[in-house]
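Here are the chains, one letter per residue:
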Amino acid sequence: MSASLAGAPVFALQDGNNFYVSCERVFNPRLENKPVCVLSSNDGCAIARSSECKALGVKMGDPLFQLQDLVRRHGLICLSSNFALYGDLSARVLEVLSQFSPDIEPYSIDENFVRVERMRLLWPDLTQMGQAMVARVKQWVNIPTCVGFGTSKTMAKLSNHVAKKNPQFGGVFDSTSYPAKELGALLATISVGEVWGVGRRIAEKLNAMGIHTVQDLRQSSPKFIRSHFSVVMERTVAELQGISCLDLEDVAPPKQQIISSKSFGTMVSTQEELGEALTSYVTRAAEKLRAQRSVCGAVHVFVMTNRYTTRDPQYCNGITIPLPNPSADTMALAGAALAGLKAIYRKGYAFKKTGVMLLDLSPAGIVQGSWFDQVEVQSRQSDVVMAALDSLNARFGRDTVTVAAAGTQKRWVARAENRTQRFTTRWTELPKAYAK
DNA sequence: TCTGGGGTCCTAGGACCC
DNA sequence: TCTGGGGTCCTAGGACCC
């Protein structure tokens, strides 16, 4: 049994093995034991690989046209992606895990963090708990997974990695009960780039400083790391030392931006075609926006040519269009997007990709019975503030219940309460009506 | 010929204020 | 008019994650 104190957090990280491929295998058992990969949209490149596929040397992101030889000679099976299916199975996995603890944070489509320390009466041995999780997810959803335990999220992630890479652990690794000396030896065999939060760039920089393995980083001083990197890395080192800095996010916060974009299968040149694609992306993004009950204050549009070709001239550009009234209305957003497109469109290019980002999101609808419209104006002039209040009155007319203004010398917030809408608007520049 | 689509957080630096 | 410290807000860009 682990020596962790009662109440001190213990995290599990459950992670589906080769998740998309495993999902496909649920409904097509003939894919079992065969090299399989799942492709991105337009069947562009590999985004998930079975272990047999990895053994053939296929890398994440390898384009399909480079895999044709493996398809012919080794029977590599390449499948188009089916994200609706993966999302459905992900939800089922989550349901099974909720039998083990109510404190769960779905981290990605194939990963879940679980706080387990409150369940120690039921599961004094974490390894047994992890084995039960693996067995039950396999039995009920037929998805193979691994589970790692740690006293921080970062250690749970790392333990999951250990479980995945070392078959002798049977898919479960509990770093909290592993003898300290042996744990250090084990972590000294793992390269520092495997740590959650250490990407390619930071790994290079760490290597240059003589920090090559997870154990090297774990034995570094957080303050030293802070001085050469950022507060994020400082936290990572503390987490590796078993000090939990990142808690479970049990209620998912609303998105701060919503993106919808896609590459074209064949190149597109005309503004009309780009506009049609954009309109469908805006429709999808606006649905997501309304689903989280937000309105959006600015729409960003971008276009780009094919960055992989050296033959054609390159052009990429983007523009952010602020909305005078924050909205979740598809037509309003599409109008802004198309106006943006018109501004950045150039004739004579073969475009590969376009997309839209909804920015400046804020809550819409009823919040504890109050409805507000806020206008922030950068001015110390009282007449400007009064003008802002006037505009709120004009916008809501008789529906306006109260108006008020408060702020500092520079930045004023004018606020109107209204029976039908709640918006929070931030103007980064003065609304035209008030410009002097 | 053919190369994904989402997201988050942090920092530096400029504008502006007292 | 000049100088400087302390502070806020905003944006662009980089780095990371799946």
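All values derive from a computational prediction rather than experimental measurement.

K.L.:
In this structure, what is going on with the side chain of Ser 40? I would like to understand it.
P.N.:
Within the element layout of this structure, Ser 40 appears in the loop between β2 (36-39) and β3 (46-49). A distance of 3.4 Å separates a polar atom in the side chain of Ser 40 from the backbone nitrogen of Gly 44. In this view, Ser 40 contacts Cys 45, Ile 47 and Ser 81; residues no more than four positions away in its chain are not counted.

K.L.:
So what exactly am I meant to see when it comes to the pattern of salt bridges here?
P.N.:
Oppositely charged side chains are able to pair whenever their charged atoms sit close together. Tallied over the entire structure, the rule returns 14 salt bridges. Notably, a salt bridge pairs Glu 52 with Arg 25, separated by 3.1 Å at the nearest N-O pair. Linking Glu 52 in helix α2 (residues 51-55) with Arg 25 in helix α1 (residues 19-27), this pair joins segments that are 27 residues apart in sequence. The closest approach of N and O atoms between Asp 69 and Arg 72, which form a salt bridge, is 3.8 Å. Residue Asp 69 and its partner Arg 72 are both found in helix α3 (residues 68-74); the two are separated by three residues, about one turn of the helix. The class of Asp 69 is partly exposed, set by a relative accessible area of 35%.

K.L.:
Which parts of the structure should I look at to understand the protein's contact with DNA strand B?
P.N.:
For DNA strand B, the set of nearby residues contains 28 residues, the closest of which are Ser 40, Ile 259, Ser 261, Ser 263 and Lys 352. Restricting attention to atoms of DNA strand B within 4 Å of the protein, one finds that 74% of them are sugar or phosphate atoms. In the environment of DNA strand B, a sugar or linking oxygen lies 3.0 Å from a nitrogen or oxygen atom belonging to the side chain of Ser 40. Within the backbone of Ser 263, a nitrogen or oxygen atom sits 2.6 Å from a phosphate oxygen of DNA strand B. Sort the elements by how many residues they give to the surface near DNA strand B and strand β9 (residues 258-268) lands first, with six residues.

K.L.:
Help me out: how do you make sense of the state of the cysteines in this one?
P.N.:
Two cysteines form a disulfide when their sulfur atoms are joined by a covalent bond. In this structure the tally under the stated criterion is zero disulfides. As a non-bridged cysteine, Cys 316 has Cys 45 as the owner of its nearest cysteine sulfur, 19 Å distant.

K.L.:
I keep staring at the packing of aromatic side chains and nothing clicks. Help me out?
P.N.:
For any two aromatic rings, the description comes down to two numbers: the centre-to-centre distance and the angle of the planes. Inspection of the entire model under this criterion finds 15 aromatic pairs. Look at Tyr 20 and Phe 83: their rings are 5.4 Å apart centre to centre, the planes differ by 85 degrees, and that puts the pair in the edge-to-face class. Of this pair, Tyr 20 sits in helix α1 while Phe 83 is found in helix α4 (residues 83-97), placing the two residues 63 residues apart along the sequence. Taking the relative accessible area as the measure of exposure, Tyr 20 reaches 16% and is therefore buried. Ring pairing ties together the aromatic residues Phe 19, Tyr 20, Phe 83 and Tyr 86, which thus form one cluster.

K.L.:
It is not clear to me how the layout of surface pockets should be interpreted in this structure. Could you clarify?
P.N.:
Where empty space is left becomes clear once a probe the size of a water molecule has been rolled over the atoms. If you add up the space inside the largest pocket, you get close to 1,100 Å³. Along the wall of the largest pocket there are 39 residues; nearest its centre are Gly 16, Asn 17, Asn 18, Lys 54 and Lys 164. For the lining of the largest pocket, the element with the most residues is helix α6 (residues 153-165), which contributes seven residues. Among the residues forming the lining of the largest pocket, the class breakdown is 14 nonpolar, twelve polar and 13 charged. Quantified by volume, the second largest pocket comes out at close to 870 Å³. Considering the residues around the second largest pocket, the lining is formed by 25 residues, among which Ser 40, Gly 44, Ser 263, Tyr 308 and Lys 352 are closest to the centre. Among the elements that line the lining of the second largest pocket, the one with the most residues is β9, at five residues. Here the lining of the second largest pocket is built from residues that sort into nine nonpolar, eleven polar and five charged. Composition of the lining of the second largest pocket by domain shows at least three residues from each of domain 1 (14-149 + 163-169) and domain 2 (258-406).

K.L.:
When you look at the packing of α4 against helix α5 (residues 126-141) in this model, what are you seeing that I'm missing?
P.N.:
How two helices sit against one another is set out by the angle between their axes and by the gap between those axes. The contact between α4 and α5 brings their axes to 10 Å, and the two run at 135 degrees. Classified by the angle between their axes, α4 and α5 sit oblique to one another. For the pair α4 and α5, the sense of crossing is right-handed. Contact residues: Leu 89, Arg 92, Val 93, Val 96 and Leu 97 in α4; Met 133, Arg 136, Val 137, Trp 140 and Val 141 in α5. Its residues placed into classes, the contact of α4 with α5 shows eight nonpolar, no polar and two charged.

K.L.:
I keep staring at the sheet that holds β3 and nothing clicks. Help me out?
P.N.:
With mixed pairing, the three strands of this open sheet are ordered in space as β3-β2-β4. Two strands lie at the open edges of the sheet, namely β3 and β4 (77-80), each paired on one side alone. Pairwise comparison of adjacent strand axes, ignoring direction, gives a mean angle of 30 degrees for this sheet. Pairing between β2 and β3: three bridges, direction antiparallel. Paired with Val 38 across the bridge in β3 is Ala 48.

Here is what the cut-offs are and how they apply
Residues numbered from 1 in each chain as written. Chains lettered and ligands numbered in written order. Predicted model: local features only at pLDDT ≥ 70, side-chain atom pairs only at ≥ 80, totals over all residues. Heavy atoms only, no water. Helix = DSSP H or I, 4+ residues; strand = E, 2+ residues; numbered from the N terminus. Polar contact = N/O pair within 3.5 Å; in protein donor to acceptor, adjacent residues only side chain to side chain. Contact = heavy atoms within 4.5 Å. Salt bridge = Lys/Arg side-chain N within 4 Å of Asp/Glu carboxyl O. Buried < 20%, exposed > 50% of the residue type's maximum accessible area, 1.4 Å probe, protein only. Near = heavy atom within 4 Å. Disulfide = S-S within 2.5 Å. Phe/Tyr/Trp six-rings, centres within 6.5 Å; stacked < 30°, edge-to-face > 60°. 1 Å grid on protein atoms, 1.4 Å probe; cavity = no way out; pocket = protein on both sides within 12 Å on 5 of 7 lines; lining within 4 Å. Points joined across faces, edges and corners; volume = space filled by probe spheres on them. Nonpolar A, V, L, I, M, F, W, Y, C, P; charged D, E, K, R; others polar. Domains from an automatic or database assignment. Axes fitted to C-alpha atoms, helices over the stretch in contact; angles between N-to-C directions. Parallel < 35°, antiparallel > 145°, perpendicular 65-115°, else oblique. Left-handed = near helix turned anticlockwise from the far one by under 90°. Pairing = 2+ DSSP bridges.

This is a description of form; function is not addressed.
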